[in-house]
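Close look at the chain arrangement
Listed below, chain by chain, are the residues.
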Amino acid sequence: MASQTMKASANIVLDSVGNRTLVCHDPHKISSNGLWTNENPLNYSTPLLLMQLSLVSLTSMLIDVIIKPLGQSTIVSQIFGGIIFGPSLLGHVASVGAVFFPPRGQIIFETFSTFGLMFFLFSVAVKMDPKMMIRPGWKPAILGLSAVFTTLVFSLLLAFALKRYASLDPSVAKPLPVIAAAQCLLSFQNVASVLTELKMIQTDLGRLAVSSAMFCDLIGICFMASAFAVLQTSGDYPMISVLAILVFVIFVLVSVYIIRPLILKSLSLVPEGRSIGESHITAIFTVLLVVGFISEMIGQHFMFGPMVIGLVVPEGPPLGAALTAKLDIPVGKILYPAFLTASGLKTDIFCIHFQGAWTVALIVFLSCVVKVGAVMLPACYMDLKIQESFVLGLMMNVRGLSELVLYNLFLDVEVLKPEAFALCVVSVILVTAITTLLIKLLYDPSSRLTPVRRRTIQHCKRGTELRILVCIHNQENVPAMVNLLEASNATEESPVTVIAVLLIELVGRANPMLIAHQSHRLLQPSSSRSGRIINALRQYELCNEACVTFQSFSSISQFDTMHEDVCRVALDQNTNIIILPFHKQWEIDGSIGSVNRAIQNMNAQVIEKSPCSVAVLVDRTTLRGSRTILNGQSSYHVAVIFIGGADDAESLSYAARMVMHPHVSLTVFRFLLLGSDNMRERKIDNNLIDEIRHVNIGNERFAYQEEIVRDSVGLAASATRLGGSFDLILVGRNHQESPLLEGLGAWIGCPELGVIGDMLAEPDFERTASILVVQQQRLKGKVMKRISKPVVIDQEPFHAT
């Protein structure tokens with residue numbers, strides 16, 4: 001024994017044998033008695049682990065705050081958190097390293113991070129769709145195969161060339177082919193996590209990249225399982241390696257054909273609408289631990305078993321959603337970052353030499369270039385623009401967890417030496433940081449949502465259909481939406497196309513989906529929530545069969561990116577207006593029943609980025625009782641508050657269409673400021689109102705009133721008197737600058753409703769009318785230049801008989 005150091009205070013023995021260090025620790029040193037016994041609590045394993053987790057978590061959060069404005073991924077900050085306390089920075093000082101991350105605590109910290117990795121990979125697998133892995137479609141499959149195998153071939157050729165012709169240190173030259181082969185990896189977790197943080201996973205490029213990565217994960221799992229079986233036997237016993245692979249295949253088949261059917265059968269016993277019981281969750285987690293142990297027993301890495309079980313668990317509600325809800329915070333925010341930190345703690349940049357650095361850098365750089373080119377060529381053939389093809393190549397070059405798992409595995413079996421491992425970890429950080437920054441700079445998804453022509457109700461041409469997109473979050477939104485659609489007055493001369501987008505929160509899945517439902521002329525029996533909503537809207541289509549067309553979509557995604565789907569469908573379907581549900585729902589007694597801030601944030605994003613006009617429907621039908629104007633069962637009383645401006649013009653144009661419905665009455669309230677006049681704006685507004693009044697000469701269901709008010713107090717008092725006799729009040733979101741609005745916006749609670757809409761939607765506004773707050777289409781965020789030409793209504797003037 002070369003040396004032996006005794007530390008009686010901690011009962012620790014450090015034995016150095018060659019280049020290995022054996023650490024012995026007193027098994028009774030688990031939890032301390034605190035500072036009161038004059039002992040250092042960090043000499044005990046529990047306080048030491050808690051201190052390490054707290055330290056790296058706080059450090060990673062601080063780094064994340066600093067680099068987040070630069071468009072960097074969270075994984076970069078988490079690895080940096082480990083590097084700071086590792087031998088590369090603070091750990092390089094012996095006294096600091098001995099206090100915060102001593103050798104005796106390394107095995108406990110790595111064991112903790114190992115459990116984090118196992119549960120995290122299980123959670124990732126649960127969110128994946130095995131069908132998309134097997135049948136991704138021809139575009140993702142071609143892109144994925146081209147990226148993986150082209151990069152693999154070129155990287156290996158370069159590695160073998162460097163190994164043969166360049167003078168390299170054996171510690172770098174020997175693992176060079178392994179490092180080169182690792183560059184071909186294309187991981188779903190890497191791509192999805194970065195695109196989610198960049199809020200690009202909803203885009204066309206994001207969906208394509210995620211689908212390709214999911215398909216390539218299947219290839220990667222097979223490749224890594226085979227490689228690990230060979231590494232476990234050091235390649236000296238080929239028959240044992242083949243046997244290990246065969247046993248793993250049997251394990252996969254048992255999981256698919258025995259375990260999955262058992263899970264599905266147990267789920268069938270759960271009543272519809274009921275949440276999964278704790279017994280199901282406990283059983284799955286127990287199976288997870290068992291299959292992790294079985295994986296190690298059959299010669300595989302412990303992570304493969306949990307990944308396979310995660311793939312056979314049905315994604316989404318009820319089981320997949322319940323499992324991910326249990327794991328997201330403790331695993332995703334604490335255990336998983338611990339593994340990334342552990343990788344940083346092992347990274348020692350002081351052992352890197354220039355020769356090894358330039359060799360690995362050359363392989364990594366050329367591999368990235370080749371992968372981008374391998375993606376761009378087929379992408380251009382698929383009619384993607386060159387810039388979009390390049391960005392897609394960058395998305396599929398993102399590095400992260402998969403590479404770190406592989407490098408740690410190679411370090412454990414001594415395929416990688418400390419220098420090569422440090423170079424690999426640094427390459428992961430640099431490639432991810434650079435590609436993330438380039439993606440953010442080169443790709444702006446919102447630019448594709450910019451329309452090139454007017455998409456409003458006011459500017460609809462004669463004889464064209466009105467295309468309305470309605471967003472529905474739950475079944476309570478349906479009655480008010482149907483009444484609004486019926487009031488829109490679909491006729492054979494001026495038909496209405498309804499595009500419904502069902503807003504479904506992404507839970508228990510990783511990849512967002514935009515589903516286009518098949519059109520049926522008959523009602524389809526369905527017990528699902530979305531099926532009942534679609535049937536209710538299709539009933540409206542059947543009642544207006546000759547003049548209404550109905551299409552339905554489901555947006556399954558996170559609410560903070562759901563607006564991308566809504567705006568995309570609106571653009572593709574050439575809609576004139578989007579109708580959004582308000583984020584508050586009323587109880588029958590007039591109080592606020594529920595508030596959904598996620599819906600409010602989504603509404604704000606749609607209003608900002610909408611390619612057409614947009615409106616928010618504040619539904620108060622529960623206060624008046626559910627009534628319908630379908631089949632003439634009741635009349636529908638509509639009012640318009642008109643102050644002036646483009647948004648008020650849009651709301652008035654919509655109401656002018658409604659009044660042509662035989663069961664709709666309309667009253668227009670125009671508010672004017674005493675002694676003030678904006679000649680240009682007043683002339684445009686006068687032309688619009690005069691045209692609408694002319695069209696409705698003799699129509700007893702149309703009324704027009706002008707009210708002269710002195711200030712904003714008079715406007716508020718007059719507006720709040722409305723609502724008792726009306727079913728629906730239309731108002732513009734924004735208005736031209738006017739003293740009428742001075743002071744009204746100081747206490748606005750819902751900016752998406754504007755000043756007047758927010759005032760009418762207040763719970764203390766004791767009226768029962770629903771409110772439709774309308775914003776006319778913006779071009780690049782600006783109000784369109786208003787025209788003085790009168791707007792022509794589609795219908796012929798109404799003449800009383």
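Residues numbered from 1 in each chain as written. Predicted model: local features only at pLDDT ≥ 70, side-chain atom pairs only at ≥ 80, totals over all residues. Heavy atoms only, no water.

1. Quick look at empty space enclosed by the protein
Enumeration according to the criterion identifies seven cavities of 30 Å³ or more in this entry. Its volume calculated, the largest cavity comes out at about 300 Å³. Along the wall of the largest cavity there are 21 residues; nearest its centre are Ser187, Asp217, Ile221, Met307 and Ser402. At the level of secondary structure, the elements contributing two or more residues to the lining of the largest cavity comprise helix H4 (103-127), helix H9 (188-198), helix H10 (204-232), helix H13 (304-312) and helix H17 (401-412). Broken down by element, the residue count for the lining of the largest cavity peaks at five residues, all from H10. Grouping the constituent residues of the lining of the largest cavity by class yields 16 nonpolar, four polar and one charged. (1 Å grid on protein atoms, 1.4 Å probe; cavity = no way out; pocket = protein on both sides within 12 Å on 5 of 7 lines; lining within 4 Å. Points joined across faces, edges and corners; volume = space filled by probe spheres on them. Helix = DSSP H or I, 4+ residues; strand = E, 2+ residues; numbered from the N terminus. Nonpolar A, V, L, I, M, F, W, Y, C, P; charged D, E, K, R; others polar.)

2. Some remarks on the packing of aromatic side chains
Counted under the stated rule, the structure contains four aromatic pairs. Here a set of aromatic residues connected by ring pairs shows up, and it is made of Phe248, Phe251 and Phe304. (Phe/Tyr/Trp six-rings, centres within 6.5 Å; stacked < 30°, edge-to-face > 60°.)

3. Details of the sheet that holds strand S15 (residues 728-732)
The strand order S6-S7-S5-S4-S8-S11-S16-S15-S12-S13-S14 describes an open sheet built from 11 strands, whose pairing is mixed. Of all strands in the sheet, those with a lone pairing partner are strand S6 (513-516) and strand S14 (702-709), marking the two edges. Between one strand axis and the next, the sheet turns through 20° on average, direction left out of account. Sheet topology note: the strand S4 (residues 466-472)/strand S8 (residues 577-581) ladder contains three bridges and is parallel. Looking at the pairing, Leu469 lines up with Ile578 of S8. Sheet contacts for helix H26 (residues 712-720): strand S12 (636-642), strand S13 (664-673) and S14; angle to S14, the most-contacted strand, approximately 150°. (Pairing = 2+ DSSP bridges. Axes fitted to C-alpha atoms, helices over the stretch in contact; angles between N-to-C directions. Contact = heavy atoms within 4.5 Å.)

4. Thoughts on the pattern of salt bridges
Within this structure, the stated rule accounts for eight salt bridges. Across the salt bridge formed by Asp647 and Arg778, the nearest N and O atoms sit 2.9 Å from each other. Separated by 131 residues along the polypeptide, Asp647 in helix H24 (residues 646-658) and Arg778 in strand S17 (residues 778-779) bring together distant segments of the chain. Of the two residues, Asp647 and Arg778, both sit in the buried class. Taking the shortest distance from any N to any O, the salt bridge between Arg670 and Glu706 comes out at 4.0 Å. Within this pair, whereas Arg670 is found in strand S13, its partner Glu706 is found in strand S14, the two being separated by 36 residues in sequence. For Glu706, a relative accessible area of 44% corresponds to the partly exposed category. Through salt bridges that share partners, Asp204, Arg568 and Asp572 make up one connected network. (Salt bridge = Lys/Arg side-chain N within 4 Å of Asp/Glu carboxyl O. Buried < 20%, exposed > 50% of the residue type's maximum accessible area, 1.4 Å probe, protein only.)

5. Looking at the packing of helix H1 (residues 45-67) against helix H2 (residues 74-85)
One way to put it is that H1 packs onto H2 with a least axis distance of 8 Å and a crossing angle of 130°. The angle between H1 and H2 falls in the class oblique. Crossing of H1 against H2: the hand is right-handed. Across the interface between the two elements, Leu55, Val56, Thr59, Ser60, Ile63, Asp64 and Ile67 from H1 touch Thr74, Val76, Ser77, Gln78, Phe80, Gly81, Ile84 and Phe85 from H2. Residues belonging to the contact of H1 with H2 are distributed by class as follows: eight nonpolar, six polar and one charged. (Parallel < 35°, antiparallel > 145°, perpendicular 65-115°, else oblique. Left-handed = near helix turned anticlockwise from the far one by under 90°.)

6. Side note on the pairing of S12
In terms of burial, S12 is a largely internal element, six of the seven residues being buried. After leaving S12, the chain enters H24 and then returns to the sheet as S13, a path that is right-handed. Summarising the sheet, S12 and S15 pair through four bridges and their orientation is parallel. When the bridges of S15 are listed, Val638 appears paired with Leu728. (Right-handed = clockwise from strand over helix to strand, strands pointing away.)

7. Side note on the layout of surface pockets
The computed volume of the second largest pocket comes to approximately 1,300 Å³. What lines the second largest pocket is a set of 50 residues, among which Phe120, Lys127, Ser193, Thr196 and Lys333 lie closest to the centre. Those elements that place two or more of their residues in the lining of the second largest pocket are H1, H2, H4, H9 and helix H14 (319-345). Looking at which element gives the most residues to the lining of the second largest pocket, the answer is H14, with 12 residues. Its residues placed into classes, the lining of the second largest pocket shows 22 nonpolar, 19 polar and nine charged.

8. A look at the packing of H2 against H14
The geometry of H2 relative to H14 is characterised by a closest axis approach of 7 Å and an angle of 50° between their N-to-C directions. The orientation of H2 relative to H14 falls into the category oblique. For H2 against H14, the interelement crossing comes out right-handed. Along the contact surface, H2 presents Ile75, Gln78, Ile79, Gly81, Gly82, Ile83 and Phe85, while H14 presents Tyr336, Pro337, Leu340, Thr341, Gly344 and Leu345. Here the contact of H2 with H14 is built from residues that sort into eight nonpolar, five polar and no charged.

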